[in-house]
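Examination of the molecular architecture
Now for the letters of each chain:
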Amino acid sequence: HKRTFVFSTADHRGIDDERLMVKFVDGDTAAFDALLARYNRPIFNFIYRFVRNTDRAEDILQDVFMRVVRSAKDYRRESKFSTWLYAIARNLCIDDRRREVFRRGPSLDQPIGDDEENGPALIDSVPDRGAGADEQAFGREIQPRITAALAALNPDQKEVFLLREVGGLAFQEIAEIVGVSENTVKSRMRYAIEHLRKTLEEAGIDRTAALDG
């Protein structure tokens, strides 16, 4: 059951997220459409990496933006919109995970991955980014290994990894979302990267340089 959003044709380029939210609260529905257009795909990607199921990811995506609509008046402009939005998505993903555990019993989660604050994104070093055939083949070879390695991480490390890698959020933003210190966030990220390096080394894949931040 595919669900789609219809975006307004109004031009809101150059207006920051926070201002768009204020305009939406003031009754400008086109401002919400602009936010939807900006974040529909990134938020879906984050949710999908978390739940690994397209239908559930689409449902949660709908719930995220419905929550934005219902909670718009509670939004405080001093908070970054992206931080607020990913916090909503993260909480709904956690709720979905709990329901899934209840339905199917305990099981490993499946995810994907990144690196340090200003370094290149790890996940971007794996798939093709305009590289040659050899690079594409390498990406296809190690992607399942990365997914399996990250599936072994505990939920706390996984969510930090996904918020940083898929969401592209700064460590400070992630700390605000998950409610821990920035140092704790960095520690969880470091653990995930070390675990990934070890897994690739054990698999005999000599590409650790690509994982350095």
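Residues numbered from 1 in each chain as written. Predicted model: local features only at pLDDT ≥ 70, side-chain atom pairs only at ≥ 80, totals over all residues. Heavy atoms only, no water.

**A few points about the confidence of the model for the protein**
Let me state the cut-off plainly: pLDDT is a residue-level measure of predictor confidence that goes from 0 to 100. Throughout, a residue-residue contact means that at least one pair of heavy atoms, one from each residue, lies within 4.5 Å.
Mean pLDDT over the protein: 76, with 70% of residues reaching 70 or higher. With pLDDT under 50 throughout, residues 105–131 is counted as low confidence; its partners more than four residues away or in other chains account for 79 contacts.

**A word on the side chain of arginine 188**
Rules: Helix and strand labels come from DSSP, where a helix needs a run of H or I of at least four residues and a strand needs a run of E of at least two; each type is numbered from the N terminus. Relative accessibility thresholds used throughout: buried, under 20% of the residue-type maximum; exposed, over 50%; partly exposed, between the two (1.4 Å probe, protein chains only).
For arginine 188, the location among the structural elements is in helix α9 (residues 182–202). Residue arginine 188 is classed as buried on the basis of its relative accessible area of 18%. Apart from residues no more than four positions distant in its own chain, arginine 188 is found in contact with Asp156, Gln157, Val160 and Val180.

**A few points about helix α2 (residues 29–51)**
The line we're drawing: A residue's bend is simply the angle between two axes: one fitted to the seven residues ending at it, one to the seven starting at it. We define a polar contact as two N or O atoms separated by no more than 3.5 Å, with the added condition that, inside protein, one atom must be a possible hydrogen donor and the other a possible acceptor, whereas residues neighbouring each other in sequence contribute only through side-chain atom pairs.
Taking the largest bend as the criterion, α2 deviates by roughly 45°, centred on tyrosine 39, and proline proline 42 comes between one and four positions later. Two to three positions downstream of the cap, the backbone nitrogen of alanine 30 sits 3.1 Å from a side-chain oxygen, assigning the N-cap of α2 to aspartate 28. The first or second residue beyond α2 is arginine 52, which carries a positive phi of 55°.

**Let's talk about the environment of histidine 12**
Of note, histidine 12 is situated in the segment before α1 (17–25). Look at histidine 12 and you get buried, because its relative accessible area is 10%. Along the sequence, histidine 12 and leucine 35 sit 23 residues apart, while their C-alpha atoms lie 9.1 Å from each other. Ignoring any residue separated from it by four or fewer positions in sequence, one finds histidine 12 in contact with Leu20, Lys23, Asp28, Ala30, Ala31, Ala34 and Arg38.

**A look at the packing of helix α7 (residues 155–165) against α9**
Selection criterion: To define axes, lines are fitted to C-alpha atoms, for helices over the stretch in contact only, and angles between the resulting N-to-C directions are given on a 0 to 180 degree scale. The cut-offs work like this: below 35 degrees is roughly parallel, past 145 is roughly antiparallel, 65 to 115 is roughly perpendicular, and the gaps in between are oblique. For this scheme, ten residues count as nonpolar: Ala, Val, Leu, Ile, Met, Phe, Trp, Tyr, Cys and Pro. Four count as charged, namely Asp, Glu, Lys and Arg, and the remainder, Gly too, count as polar.
Where α7 contacts α9, the two axes come as close as 9 Å, and the packing angle between them is 95°. On the basis of the axis angle, α7 is roughly perpendicular to α9. Side by side, α7 and α9 meet where Asp156, Gln157, Val160, Phe161 and Arg164 of the first sit next to Val185, Arg188, Met189, Tyr191 and Ala192 of the second. The residue inventory of the contact of α7 with α9, partitioned by class, reads six nonpolar, one polar and three charged.

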